[in-house]
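Residue-level structural notes
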There are 2 protein chains.
Amino acid sequence: MTDEHQSVFEHTDIGDTDTTHGRTVTEADVTNFAGVSGDFNHLHTDEERMADSMFGERIAHGMFVLSAATGLLWQTRTPEEREAVVAFYGIDNLRFRQPVYIGDTIHVETEVVDTEAKPDGPGNGTVTTAIEVVNQRDQTVISCEMTSLLR
Amino acid sequence: MTDEHQSVFEHTDIGDTDTTHGRTVTEADVTNFAGVSGDFNHLHTDEERMADSMFGERIAHGMFVLSAATGLLWQTRTPEEREAVVAFYGIDNLRFRQPVYIGDTIHVETEVVDTEAKPDGPGNGTVTTAIEVVNQRDQTVISCEMTSLLR
């Protein structure tokens, strides 16, 4: 590879957009996430009780939906883009906007909103991306900004 | 229960602190989280490659550590406090500050930094809590603020 190809940061511009493929949230996902996270809130684990709630059924953990979003983003990256990620810096302004039900299908829509060169560190610069996790009814279920350090 | 006991929000004050018990991050956690999230980045899944990296070994997904933190917070709540949570609103100013290695033991330290009465909705008010996820070397590995709507 040339140096040009090795710097994904240099080829990332404000306004760049991307869309991931979808993922259907299954009962197994919610059950597995409860076990992995240790969050057994009845919202996610008690079908009988949730039948009488405002939701009418169990909803997915917000943190599961966010975790699945990072998986979709990773799967959508090219091999070159995957190599370029040095570190996940942080998340800002995250809002859980809508519940996600078992059977819903989510995808992620992204837009680069800021870039900052950092040539003196282990990467070339930070990229901040506005993230929307969207369900099959075109509702945004999570919005946030994610910042990563890229080569 | 009396009305007084039913409003956890009314009994939550700025400056209130809490500390969860600990959780050791295991290889099974990292493997299971890769499967649940769909994020198979080599940082978390390729022991051979990571042996040659700046980390020297696999590190846990930042999103796993954050998910485990929500589990620790849930487990630390009293039954009354668990019932009081109406919704998880959002996360602000999240920073992944240090890597978490397999074998590290994390816990969560919390301090209430803002409360806002919202008597006209499904809860009594929002509570914003400064969260620090801390490892066994007293290093903060994640910091953020979480906001929830409480009864």
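This write-up is about the structure you can find in this document. Per chain, the residues get numbers from 1 upward, laid out in the order the sequence is written. Numbering of ligands from 1 and lettering of chains from A proceed in the order in which they are written. Side-chain atom pairs in this predicted model are given and counted only at pLDDT of 80 or more, local residue features only at pLDDT of at least 70, and totals for whole chains, interfaces and linings cover all residues. Water and hydrogen atoms were dropped before computing side-chain values, which therefore reflect all heavy atoms in the structure.

As for the packing of helix 5 (residues 62-76) of chain A against helix 2 (residues 27-37) of chain B
Close contact between helix 5 of chain A and helix 2 of chain B brings their axes to 8 Å; oriented N to C, the two are set at 80°. Taken together, helix 5 of chain A and helix 2 of chain B sit at an angle that is classed as roughly perpendicular. Counting all contacts with helix 5 of chain A, which are made through F64, S67, A68 and G71 of chain A, the residues of helix 2 of chain B involved are F33, V36 and S37 of chain B. For this classification, the nonpolar set comprises Ala, Val, Leu, Ile, Met, Phe, Trp, Tyr, Cys and Pro, the charged set comprises Asp, Glu, Lys and Arg, and every other residue, Gly included, is treated as polar. Of the residues contributing to the contact of helix 5 of chain A with helix 2 of chain B, the split by class is four nonpolar, three polar and no charged. Comment: axis = line fitted to C-alpha atoms, over the contacting stretch for helices; angle = value between 0 and 180 degrees taken between N-to-C directions. Per the convention used, a helix needs a DSSP run of H or I reaching at least four residues, while a strand needs a run of E reaching at least two, with both numbered from the N terminus. Roughly parallel means an angle under 35 degrees; roughly antiparallel means over 145; roughly perpendicular covers 65 to 115; every other angle is labelled oblique. In what follows, residue pairs with any heavy atoms lying within 4.5 Å of each other are defined as contacts.

Comments concerning the environment of R23 of chain A
Along the polypeptide, R23 of chain A turns up in strand 2 (residues 23-24). Its relative accessible area of 16% is what places R23 of chain A among the buried residues. As a C-alpha pair, R23 of chain A and G56 of chain A span 33 residues in sequence and 22 Å in three-dimensional space. Setting aside residues no more than four positions away along its own chain, R23 of chain A makes contact with D29, F64, A68, L72, D104, T105 and I106 of chain A together with V36, S37 and G38 of chain B. Accessible area is worked out with a 1.4 Å probe on protein chains only. A residue is then buried under 20% of its type maximum, exposed over 50%, and partly exposed in between.

Here we look at the packing of aromatic side chains
Stacked, tilted and edge-to-face are the three classes assigned to paired rings of Phe, Tyr and Trp, where Trp is represented by its six-membered ring and a pair needs centres within 6.5 Å; plane angles under 30 degrees give stacked, over 60 edge-to-face, the rest tilted. This model, assessed by the stated rule, comprises four aromatic pairs over all chains. Measuring from ring centre to ring centre gives 4.7 Å for F88 of chain A and F96 of chain B, while their planes differ by 45°; the resulting arrangement is tilted. Taken together, the residues F88 of chain A in strand 3 (residues 85-96) and F96 of chain B in strand 3 (residues 85-96) connect one chain to another. Overall, F88 of chain A belongs to the partly exposed group, its relative accessible area being 26%. For a Lys NZ or an Arg CZ to count as sitting over a ring, it must be within 6 Å of the ring centre and within 35 degrees of the ring normal. Seen from the ring of W74 of chain A, R82 of chain A lies directly overhead, with NZ or CZ sitting 3.8 Å from the centre.

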